[in-house]
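# Close look at the chain arrangement
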Amino acid sequence: MSPLQELLAEVPQVGRVRWMGVRPKAREAMLEVEAVEARREAGLTGDHSRPGPRNARQVTLIQWEHLAVVAALLGRDMPMQPSELRRNIVIAGINLFSLKGRRFRIGQAILETTGWCQPCARLEERLGPGTFQAMRGHGGITARVIQGGIIRLDDTVQVEPLDT
């Protein structure tokens, strides 16, 4: 393994769930939850995500630290509220980009990163001009549920070891 591969393989940070929410229907308000069931190939119970193994956006995650960054880029004095950015799970303490191509455990569930969660035009409509550009690079990741289980506030987020 090259030195770069070794650095990419090792993720010593442990994250923590700071906020969770589900969207019962598209374009409706987020419902904040303290616990949620992650269902294999179906996403989170109560969320409108389309179930199925080919859906790469079963769960959306954003980094807690980026709430302040996005707010600053929008000229706000206070960090964004997690529900405003419409991601399912907000994680602190681990760089979500380090989860690229990886499986990770949150509580009882195992998820697999499927891509970057890019901002959409609806956020611009909802939060005002400049939101789309402020979110670029800070929108988080998308994931699919590999192993179902309960996820709770304050659960840890740990990267699963790579198969050798």
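As recorded in an unreviewed UniProt entry, the protein chain goes by the name MOSC domain-containing protein, listed as coming from Pseudomonas berkeleyensis.

On the surface, a nonpolar cluster with roughly 360 Å² of combined accessible area is contributed by Leu4, Leu7 and Leu8. Mapped onto the elements of the fold, Leu8 is located in helix α1 (residues 3-9).

Before going further, it helps to examine the environment of Asn88. Secondary-structure assignment places Asn88 in the loop between α3 (82-85) and β6 (89-92). Among the residues examined, Asn88 registers a relative accessible area of 0% and is labelled buried. Spatially, the C-alpha atom of Asn88 lies 16 Å from that of Leu99, the residues being eleven residues apart in sequence. For Asn88, the contacting residues outside a window of four places in its chain are Trp19, Met20, Gly21, Val22, Arg23, Met30, Leu44, Asp47, Gln58, Val59 and Thr60.

Here we take up unusual backbone geometry. One non-glycine residue with positive phi stands out, namely Arg27, at about 70°. Relative to the helices and strands, Arg27 resides in the loop between β1 (15-22) and β2 (31-32).

Note on aromatic pairs: each is described by the distance of the centres and the angle between the planes. On inspection of all chains with the given rule, the structure shows one aromatic pair. An angle of 45° between the planes, with centres 4.2 Å apart, marks the rings of Phe97 and Trp116 as tilted. Pair noted here: Phe97 is in the loop between β6 and β7 (103-106) and Trp116 is in strand β8 (residues 109-116), with a separation of 19 residues, a long-range link. Under the relative-accessibility criterion, Phe97 is labelled partly exposed at 36%.

Core analysis: the biggest nonpolar cluster contains 25 residues, and Leu61, Ile89, Ile91, Phe104, Ile106 and Ile151 have the highest contact counts within it. Elements with a minimum of two residues in this core: β1, β3 (35-39), β5 (59-63), β6, β7, β8, β9 (141-147) and β11 (156-159). If near-sequence neighbours (up to four positions away) are discounted, Leu61 is found in contact with Arg87, Ile89, Ile91, Leu96, Phe104, Ile106, Gly139, Gly140, Ile141 and Ala143. Listed in part, the 13 residues of the second largest apolar core include Trp19, Val70, Met80 and Met135.

Further remarks concern the sheet that holds strand β4 (residues 43-44). Strand order in the open sheet made by the three strands is β4-β3-β10, with antiparallel pairing throughout. Both edges of this open sheet fall to β4 and β10 (149-152), since each of them pairs with a single strand only. Of the pairings in the sheet, the one linking β3 to β10 comprises four bridges and is antiparallel in character. Bridged to Ala35 within β10 is Arg152.

Here we take up the side chain of Thr60. Relative to the helices and strands, Thr60 is located in strand β5. Apart from residues lying up to four places away in sequence, Thr60 is in contact with Arg23, Arg86, Arg87, Asn88, Ile89, Cys117, Ile141 and Thr142.

Under the definition given, this model contains seven salt bridges. The closest approach of N and O atoms between Glu84 and Arg76, which form a salt bridge, is 3.1 Å. Where salt bridges share partners, they join Arg103, Glu112 and Arg144 into one cluster.

Let us look at helix α2 (residues 65-73). Buried within α2 we find His66, Leu67, Val70 and Ala71. The buried residues of α2 all sit within an arc of 145° when viewed along its axis, so they share a single face. With respect to the buried face of α2, the exposed residues turned more than 90 degrees away are Ala72 and Leu73. As for α2, its buried residues are in contact with β5, α3, β6 and α5 (131-135).

Thresholds applied
Residues numbered from 1 in each chain as written. Predicted model: local features only at pLDDT ≥ 70, side-chain atom pairs only at ≥ 80, totals over all residues. Heavy atoms only, no water. Patch = residues over 30% accessible without salt bridge, like charges linked within 9 Å, V, L, I, M, F, W, Y side chains within 5 Å. Areas by Shrake-Rupley, 256 points an atom, 1.4 Å probe, with all protein chains shown as cover. Salt bridge = Lys/Arg side-chain N within 4 Å of Asp/Glu carboxyl O. Helix = DSSP H or I, 4+ residues; strand = E, 2+ residues; numbered from the N terminus. Buried < 20%, exposed > 50% of the residue type's maximum accessible area, 1.4 Å probe, protein only. Contact = heavy atoms within 4.5 Å. Phe/Tyr/Trp six-rings, centres within 6.5 Å; stacked < 30°, edge-to-face > 60°. Core = buried A, V, L, I, M, F, W, Y, C linked by side-chain atoms within 4.5 Å. Pairing = 2+ DSSP bridges. Arc of directions from axis to C-beta.

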